[in-house]
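Below are the chains, spelled out letter by letter.
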Amino acid sequence: EDAAKGNALDLNDAVPHVDYPAEFRQGTYADCHDADVVVITAGKPQGPTDTRLDLVKGNTLIMKQIISQINESGFEPEILSIFH
């Protein structure tokens, strides 16, 4: 939680330098229910004896847990197709 709060504070320092409204804050999975965008930047570091396959397996489990929590929040993504 402390890292998330610090990251949000750092990102908000950059907001005056972009041409669109933005707000960054520490949140919970419940906050995802009405989000426009959810960005996931989670994963486990590769250990000294881990193969790349080990890393993929571990990160797949992490992503499944996170996505499950986001879905339980009621988040309903609007999928925009780039193919017409």
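In short, a report on the structure. (Residues numbered from 1 in each chain as written. Predicted model: local features only at pLDDT ≥ 70, side-chain atom pairs only at ≥ 80, totals over all residues. Heavy atoms only, no water.)

On to the pattern of salt bridges. On inspection of all chains with the given rule, the structure shows three salt bridges. With a closest N to O distance of 3.5 Å, Arg25 and Asp31 form a salt bridge. The salt bridge involving Asp50 is made with Lys44; its shortest N-O contact spans 3.3 Å. Its relative accessible area of 21% is what places Asp50 among the partly exposed residues. Relative accessible area serves as the criterion here: at 33%, Lys44 is assigned to the partly exposed category. Overlapping salt bridges bring together Glu23, Arg25 and Asp31 as one network. (Salt bridge = Lys/Arg side-chain N within 4 Å of Asp/Glu carboxyl O. Buried < 20%, exposed > 50% of the residue type's maximum accessible area, 1.4 Å probe, protein only.)

Here we come to the layout of surface pockets. Over the atoms rolls a probe the size of a water molecule, and in doing so it shows where empty space is left. By volume, the largest pocket amounts to about 1,200 Å³. Forming the walls of the largest pocket are 29 residues, and the residues nearest its centre are Arg25, Gly27, Val37, Val38 and Val39. Elements with a contribution of two residues or more to the lining of the largest pocket: helix H1 (2-14) and helix H2 (52-72). Sort the elements by how many residues they give to the lining of the largest pocket and H1 lands first, with five residues. Its residues assigned to classes, the lining of the largest pocket shows 18 nonpolar, five polar and six charged. (1 Å grid on protein atoms, 1.4 Å probe; cavity = no way out; pocket = protein on both sides within 12 Å on 5 of 7 lines; lining within 4 Å. Points joined across faces, edges and corners; volume = space filled by probe spheres on them. Helix = DSSP H or I, 4+ residues; strand = E, 2+ residues; numbered from the N terminus. Nonpolar A, V, L, I, M, F, W, Y, C, P; charged D, E, K, R; others polar.)

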